[in-house]
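# Commentary on secondary and tertiary structure
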Amino acid sequence: MTFDRLQAFVAALPDRVQAIADKSAPEIAAKLRADATTGRGNVPSFGKFGDVPITATAADETITVTAADWVMEKAIELGQPAEWIGIVRENVRAEFGGGS
């Protein structure tokens, strides 16, 4: 990447962060849900009525991932947040014309 392209990328990034977060959040939620689904097809939640479903939302240029504490602990233990960062990276590339 040339210096001029890098400068253009950095200048454009603030205007595109929310769009990247909006695209990444549902993909991250789907990834966590798929990774957490049991062999019997059950998606884990917490509480009698599944009070804490697996979600990822984008607001204020931030992605918030929510799941039962034990689901998040297991995801962290297995290194899954690194895969979520990979999803964001791919969406950054796509947003800036780098494809996926």
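Everything here concerns the structure above.
Here goes a summary of the coordinates provided. In this text, all values refer to a predicted model and were calculated from it rather than measured experimentally.

### Examining the overall build of the chain
Assigned secondary structure in the chain consists of three helices and two strands. Each helix (α) and strand (β) of the chain, taken in turn from the N terminus, gives the series α-β-β-α-α. Within the chain, the fraction of its 100 residues that count as buried is 20%. Long-range pairs, those at least 24 residues apart, make up 60% of the contacts in the chain with a sequence separation of at least 6. Carbon and sulfur atoms provide 56% of the accessible area of the chain, an area that totals close to 6,700 Å².

### Points about the pattern of salt bridges
Enumeration according to the criterion identifies six salt bridges in this entry. Glutamate 77 is the partner of lysine 74 in a salt bridge, and the nearest nitrogen-oxygen pair spans 3.3 Å. Taken together, the positions of lysine 74 and glutamate 77, both in helix 2 (residues 69-77) and three residues apart, correspond to about one turn of that helix. Owing to a relative accessible area of 40%, lysine 74 belongs among the partly exposed residues under this scheme. The exposure class of glutamate 77 is exposed, given its relative accessible area of 58%. For the salt bridge of glutamate 90 with arginine 93, the shortest nitrogen-to-oxygen distance reads 2.6 Å. Here glutamate 90 and its partner arginine 93 are both found in helix 3 (residues 80-95), three residues apart, which amounts to about one turn of the helix. Judged by its relative accessible area of 31%, glutamate 90 is partly exposed. With a relative accessible area of 40%, arginine 93 lands in the partly exposed category.

### Side note on unusual backbone geometry
Look at aspartate 60: it is not a glycine, yet its phi comes out positive at around 50°. In this fold, aspartate 60 is placed in the loop between strand 1 (55-59) and strand 2 (62-66). By relative accessible area, which is 72% here, aspartate 60 ends up exposed.

Cut-offs and rules
- Residues numbered from 1 in each chain as written.
- Predicted model: local features only at pLDDT ≥ 70, side-chain atom pairs only at ≥ 80, totals over all residues.
- Heavy atoms only, no water.
- Helix = DSSP H or I, 4+ residues; strand = E, 2+ residues; numbered from the N terminus.
- Buried < 20%, exposed > 50% of the residue type's maximum accessible area, 1.4 Å probe, protein only.
- Contact = heavy atoms within 4.5 Å.
- Areas by Shrake-Rupley, 256 points an atom, 1.4 Å probe, with all protein chains shown as cover.
- Salt bridge = Lys/Arg side-chain N within 4 Å of Asp/Glu carboxyl O.

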